[in-house]
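# Understanding the architecture of this molecule
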Amino acid sequence: MRVGIIGRGGMADALGTQWRRAGHEVVTGSRSGGMREAAEAGTDAVLLAVPYEAVVDVVGGLAEVLAGKVLIDCTNPVGRDFGLLTAGGPAAAERIASAAPSAHVVKAFNLCHVDVWRLTPPVFDGRPLAVPLCGDDEGALSVVRRLVRDLGCEPLHAGGLDGAGLLEATAALLIRLWVGEGADAQAISPPLAYSGV
C-alpha cells in the first residue's frame, strides 16, 4: 500500500518504520515541508501524526487533497493536567472529519506511547496488542485493519466515528494513570471471563 504520513515526530517515525518493514511505500511530510506531497502520496491511507492543537488547521488546508482518502487520526486532545481538551464534544476525530468532510476518518493508534509502536511486534505475555478502531466507512476500516495486523497487532471494532470520543477519553485516563500516578493502568481491567459477558 501507499501510505502518506503528515508529521515527522515519534509516532510518524515509529509507525512509518514498521509499515515500511511490512513492505508498504511510506511518504512523510510536515508543516515545515512536504506535507501536501505526503497527503497526495497516501493513495491507500494518510496518517495524521501532528499535535492535536494543529491538526484541524492542517487538515482544513489539505481538505481537497484528502477527499476520498482514508484518514487515520492518532491524535490525543489531552492537556497538561491530563484533562480532555474536547470535553463536551465534538471529539478530535469528529472535528477532523468536519475539516475534511470528504475523507474517511478512522480513529486508531492513540492508546499507546510511541515506544510501544517501535516493538516488533507489540506482544505482551504472549498476547498481541489490540488496537481499537472507530470509523463509519467499512472500506476505510478494512484498510486500517490491515495496517494494524501488519504491526503484529489485532484490530478491534470500537464503533462508529461518534464513538471516537470514548477512545480519546480512555487515552486521557490512561495517560493520567501511567504518567500522573505511575500506576499500572492495565490492572484496572479484569480478564474477559470476569467481565459479565
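Definitions and limits used
Residues numbered from 1 in each chain as written. Predicted model: local features only at pLDDT ≥ 70, side-chain atom pairs only at ≥ 80, totals over all residues. Heavy atoms only, no water. Axes fitted to C-alpha atoms, helices over the stretch in contact; angles between N-to-C directions. Helix = DSSP H or I, 4+ residues; strand = E, 2+ residues; numbered from the N terminus. Parallel < 35°, antiparallel > 145°, perpendicular 65-115°, else oblique. Left-handed = near helix turned anticlockwise from the far one by under 90°. Contact = heavy atoms within 4.5 Å. Nonpolar A, V, L, I, M, F, W, Y, C, P; charged D, E, K, R; others polar. Salt bridge = Lys/Arg side-chain N within 4 Å of Asp/Glu carboxyl O. Buried < 20%, exposed > 50% of the residue type's maximum accessible area, 1.4 Å probe, protein only.

This part covers the packing of helix α3 (residues 52-61) against helix α5 (residues 92-99). Running from amino to carboxyl end, α3 crosses α5 at an angle of 20 degrees, the nearest separation of the two axes being 8 Å. Judged on the interaxial angle alone, α5 and α3 are roughly parallel. Taken as a pair, α3 and α5 cross one another with a handedness that is right-handed. For the pair α3 and α5, the contacting residues are Tyr52, Val55, Val56, Val59 and Gly60 in the first and Ala92, Arg95, Ile96 and Ala99 in the second. Looking at side-chain class alone, the contact of α3 with α5 contains seven nonpolar, one polar and one charged residues.

This next bit is on the pattern of salt bridges. Taken as a whole and judged by the stated rule, the model has six salt bridges. Between Lys107 and Glu168 there is a salt bridge; the shortest N-O distance is 2.9 Å. Of this pair, Lys107 sits in strand β5 (residues 104-107) while Glu168 sits in helix α8 (residues 164-181), placing them 61 residues apart in sequence. Assigned by exposure class, Lys107 and Glu168 land together as buried. For Asp150, the salt bridge goes to Arg146, with nearest N and O atoms at 3.9 Å. With a relative accessible area of 43%, Arg146 lands in the partly exposed category. Here the salt bridges share partners, and the residues they tie into one network are Asp73, Lys107 and Glu168.

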